Amino acid sequence: MLARLLLFAFSAFLLNGKDAEFFETRIRPVLAKNCFACHSQTEMGGLRLDTRERAMRGGKSGPSILPGNAAGSLLMDAVQYASKLKMPPKGKLSEREIADLRAWIEEGAIWPEETGKGKQGSFWSFQKVRGQRVPQVRDAAWAATGIDRFVLAKLEAEGVTPAKTADKRTMIRRATFDLTGLPPAPEDVRAFVADESAQAFAKVVDRLLASPRYGERWARHWLDLARYSDGKEGARDDVPYANAFRYRDWVVDSLNRDLPYDEFVKAQIAADLMPGQRHLPALGFQAIGESDNDRVDVTTRVFLGLTVGCAQCHDHKFDPIPTRDYYSVLGVFKSSKVEEFPLVEPAVVEKYNGAKKALAAKQDELKQFLERQTKQVVDILAAQTSQYLLAAWKGSGGEDLDAETLERWKRYLANPEKDHPYFRPWFDVVKRPGVSEAEVQAAAVEMQTAIRKVLDDKKALDDLNYVKVGGMEGLKDAGKVIGTLVDSLPIERFYFWRDLASNPYKVEDLQFAGGVYFYGPKQVERFLDPRWKRYLATLREEVKTLEKAVPAAYPFFHVMKDSDKPANTRIAIRGDAANLGEEAPRRFLSALCDSEPKPFQQGSGRLELANAIAAADNPLTARVMVNRLWKHHFGEGLVRSGSNFGQLGDRPTHPELLDYLAGRLVHSGWSLKAMHREMMLSHVYQLGSEEEPAASAAKDPENRLLWRGNVRERLDAEALRDSILAVSGTLDGAIGGAAEALGDGLRRRTLYATISRSKPDRTMALFDFPDPNASAEQRIVTVGPMQRLFFMNSPFVAGQAKALAARLARDGADDAARIGRAYELLYGREATADEVQLGMEYLGGQAEKWPQYAQVLLSAAEFSAVK
């Protein structure tokens, strides 16, 4: 235990306890996570720990912190559980956190002075991005760029030696996957290996950035953030967003054209209010959202890295975001509305809508007719209940009984175990030894009376109390009442009604068979009078005619538009919409303004909100985006919580480097491609991923100091599937267009597969595809046996292995040459002599073994990993 404490204490002093950075990265996060909920504005025990002055003053028990005297500080007694006061009450801090607090107090409890506006104006992410002077380093020859100098300065300060540069094959494989999500072509690998010029890698990066595959790859990263899907979640399936793909295609095109990031941001908030309206499809970012609350949360998380949504019910517990600010932004979106922007003439839209309206009216007429007949059939059959029960008991029925209904009764009565007691009197009678037919007849009549009572109660609910039991006023639909009957009838009577007259339905894979007397639209026809059948046939024919008359759906953009009467939103006190407080003027977040934010004046305020978010002096926008770029190139962001730059988020491992990059992004004209290039041409990006030197691995096992490259143990779902298609030679490179179902036959990039919010694809989920119902800042990468089994048993993988075998047969003259070609295609390297020999032994000259051998090569961890 002592050794562990000494280790933690030593690690604490790696960051100087006298530095502001130590406080921001090691102390404030602990206080925010464990203390602020009770000891900030709430002041439990008279103690506040969110400002230096109040923390030093302490609470009712006296001063909590004595700078330079950790042993005498009440805070240390509390966190060590050394007295009656044990904090935090839900569980003791880790040994490292306690050691950090002790070191901080011993060194004087340095707490940076608060400057600027807001409850936490000193917090690092709310401070303006400061220009950073590139630091001096001892090994200047190692540092190729400014990025290298920031990283190396820290490595040298900590006595950590960087790893060796990766070999050229590793570098081009890493770069190609990073920028395109596809493996490098063997020809490109050989050309790079042969190019000994100083600009060889720069040429590779420039070529990849110019590839249209770049936009496809990085669009997928953005779509994770945008919670993109091709449909809105429904009860059983998605309600399609027929033209959502136009937003996806806009993202791809904008990234390929290197649209300045500030314009990229503004377009996704207010493209309809920008000059020329050329970015209208960008509004899909907002339009595919589920609600205005969702838009507030996603907009602020994605662009600002702030959890503004947490202030919906109360002031944010950790960040300077009052509830008033949440409703200020909410008012912007509530003053906007989602619409379609047709890409055709108005006459085309009018014709389409008219035809759809006529069709819907006729379909409703057909539906209402069938529902009336269904109810009548239930009523007629229910009036014969006693006859059916008696016939079921006897085993045969009269001529006036419907044979199918009688069989249903027999099946239903075969199991006496019911969810309700209504049939207990019946079963009590019929199971008695020697029971007479007259006694059974009497019991049957009693059951018929009970059934009529239940059905009469249901009718009363349908006709008289529709709104009271949960139906929508002005929308009378008996089907909507079914779910409320449990509250309106005794539970056993509800079951009774369900068993006799309810519509069958499905719950996932379970089929509820429906009531004994229920005959749906396709079954009820046989009960109808000939004249009714002729009328039904006429209705169906009219529906078919109107269906044919509906023109093809016209293309449109999912957009937003200012409402006719923009208005402020009143604050919902504690999030209760029925308890409204004062109005919150539509304006920007107060913590990001130098003075009291001015109310928005232009319509909804969306354009003003967009301009505020994308402003060059906004302290968050550039930082958040360069951090996202860094994360996808280096495996982890400089701030690991990419969508939370607040108190509960992680602190930057290299704050000066983060500000340097943010400044570079703005000064480059907000060019994302320029940032890719700068990051990838750094020496840091090109480091090998081996955990050598061993001393460096021991000092920084998590690689937070960036002394080596990070291994990506497995490609994400899209890159993995796309790579299989690419090496097999079957990838369809067509860009853009409507989404297609993801099946074994789809040959396009996975980006173009349909994404469902209600029914996620199981294979994609197996490989950690994120939930499209929420913004995903990063994917959880798992490596498990089920994924290996997928490669062994998937028809898709088996089919692509056959295609790969056929490709290799065309490319190589003999098995040895084909094996070598396979290693180049799949792994970006030459096969070793042992690997060639092993493959030759397995194949044994038998061509029919090639598909299985190819499947083994595709299943290897080396194919799905990037070093």
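Residues numbered from 1 in each chain as written. Predicted model: local features only at pLDDT ≥ 70, side-chain atom pairs only at ≥ 80, totals over all residues. Heavy atoms only, no water.

**Student:** Can you help me understand the overall build of the chain in this one?
**Tutor:** A count of helices and strands for the chain gives 37 helices and eight strands. Sorting the 867 residues of the chain into buried and exposed places 51% on the buried side. In the structure as shown, the chain presents an accessible area of about 40,300 Å², 54% of it carried by carbon and sulfur atoms. (Helix = DSSP H or I, 4+ residues; strand = E, 2+ residues; numbered from the N terminus. Buried < 20%, exposed > 50% of the residue type's maximum accessible area, 1.4 Å probe, protein only. Areas by Shrake-Rupley, 256 points an atom, 1.4 Å probe, with all protein chains shown as cover.)

**Student:** How should I be thinking about the pairing of strand E6 (residues 556-562) in this particular structure?
**Tutor:** Looking along a regular strand, one sees side chains alternate from face to face of the sheet. Among the seven residues of E6, six are classified as buried, and the element is accordingly described as predominantly covered. Pairing of strand E3 (residues 336-342) with E6 involves seven bridges; the strand directions are antiparallel. Bridging across to E6, Glu 340 finds its partner in His 558. (Pairing = 2+ DSSP bridges.)

**Student:** Even after reading the chapter, I still don't get the pattern of salt bridges, so can you show me in this structure?
**Tutor:** Oppositely charged side chains may form a pair once their charged atoms are brought near each other. Counted under the stated rule, the structure contains 53 salt bridges. Its salt-bridge partner being Arg 712, residue Asp 178 comes within 2.8 Å of it at the nearest N-O pair. In this pair, Asp 178 sits in helix H7 (residues 168-180) while Arg 712 sits in the loop between helix H29 (694-699) and helix H30 (717-728), placing the two residues 534 residues apart along the sequence. A relative accessible area of 5% means that Asp 178 is categorised as buried. What makes Arg 712 buried here is its relative accessible area of 18%. Asp 195 serves as the salt-bridge partner of Lys 203, at 3.0 Å between the closest nitrogen and oxygen. The exposure class of Lys 203 is partly exposed, given its relative accessible area of 47%. In this structure Asp 195 comes out as buried when scored by relative accessible area, which is 18%. Among the charged side chains, a salt-bridge network with shared partners connects Glu 187, Arg 190, Arg 807, Asp 811, Arg 821 and Glu 824. (Salt bridge = Lys/Arg side-chain N within 4 Å of Asp/Glu carboxyl O.)

**Student:** How should I be thinking about the packing of helix H33 (residues 795-811) against helix H36 (residues 850-859) in this particular structure?
**Tutor:** Between two packed helices, what matters for the description is the angle formed by their axes and the separation of those axes. It is at 8 Å that the axes of H33 and H36 come closest, and there the two elements cross at 110 degrees. Between H33 and H36, the crossing angle belongs to the class labelled roughly perpendicular. When the axes of H33 and H36 are compared, the crossing they make is right-handed. Each of Val 797, Ala 798, Ala 801, Lys 802, Leu 804, Ala 805 and Leu 808 in H33 lies in contact with H36, whose residues at this interface are Trp 850, Pro 851, Ala 854, Gln 855 and Leu 858. Taken together, the residues of the contact of H33 with H36 break down into 10 nonpolar, one polar and one charged. (Axes fitted to C-alpha atoms, helices over the stretch in contact; angles between N-to-C directions. Parallel < 35°, antiparallel > 145°, perpendicular 65-115°, else oblique. Left-handed = near helix turned anticlockwise from the far one by under 90°. Contact = heavy atoms within 4.5 Å. Nonpolar A, V, L, I, M, F, W, Y, C, P; charged D, E, K, R; others polar.)

**Student:** Looking at this structure, I do not really get the nonpolar core. What am I missing?
**Tutor:** Across soluble globular proteins, nonpolar side chains have a tendency to be buried as a group. Among the nonpolar cores identified, the biggest contains 154 residues, and Trp 222, Phe 588 and Leu 661 are the most heavily contacted of them. Other than its neighbours up to four places away in sequence, Leu 661 contacts Ile 147, Val 626, Trp 630, Leu 638, Met 675 and Met 679. Counting residues in each nonpolar core, the second largest holds 47 residues, with Leu 401, Val 429, Ala 444 and Ala 501 among its members. (Core = buried A, V, L, I, M, F, W, Y, C linked by side-chain atoms within 4.5 Å.)

**Student:** Would you take a moment to explain a nonpolar patch on the surface for this structure?
**Tutor:** Together, Met 786, Leu 789 and Met 792 give the surface a local cluster of nonpolar side chains, amounting to about 320 Å² of exposed area. As for its placement among the helices and strands, Met 786 is situated in helix H32 (residues 785-793). (Patch = residues over 30% accessible without salt bridge, like charges linked within 9 Å, V, L, I, M, F, W, Y side chains within 5 Å.)

**Student:** Would you explain unusual backbone geometry in this entry?
**Tutor:** For residues besides glycine, phi is generally negative; the peptide bonds are generally trans as well. Cis rather than trans, the peptide bond between Glu 692 and Pro 693 has omega equal to 5 degrees. The backbone of Trp 670 shows a phi angle near 65 degrees, a positive value even though the residue is not glycine. Look at Trp 670 and you get buried, because its relative accessible area is 6%.

**Student:** Honestly, empty space enclosed by the protein in this entry has me stumped. Any pointers?
**Tutor:** Unoccupied space between atoms shows up once a probe the size of one water molecule is rolled over them. Counted according to the given criterion, the structure contains five cavities of 30 Å³ or more. Residue lining of the largest cavity: Arg 174, His 633, Phe 634, Val 684, Tyr 685, Asn 703, Leu 706, Arg 708, Gly 709, Asn 710 and Arg 712, and that is the complete set. (1 Å grid on protein atoms, 1.4 Å probe; cavity = no way out; pocket = protein on both sides within 12 Å on 5 of 7 lines; lining within 4 Å. Points joined across faces, edges and corners; volume = space filled by probe spheres on them.)

**Student:** Looking at this structure, how should I read the packing of H33 against helix H34 (residues 815-827)?
**Tutor:** The N-to-C vectors of H33 and H34 enclose an angle of 120 degrees; their axes lie 9 Å apart at closest approach. As the angle between them shows, H33 and H34 are arranged oblique. Considering the relative orientation of H33 and H34, their crossing is right-handed. Facing H33, whose interface residues are Leu 804, Arg 807, Leu 808, Ala 809 and Asp 811, H34 presents Arg 818, Arg 821, Ala 822, Leu 825 and Leu 826. For the contact of H33 with H34, the class distribution of residues is six nonpolar, no polar and four charged.

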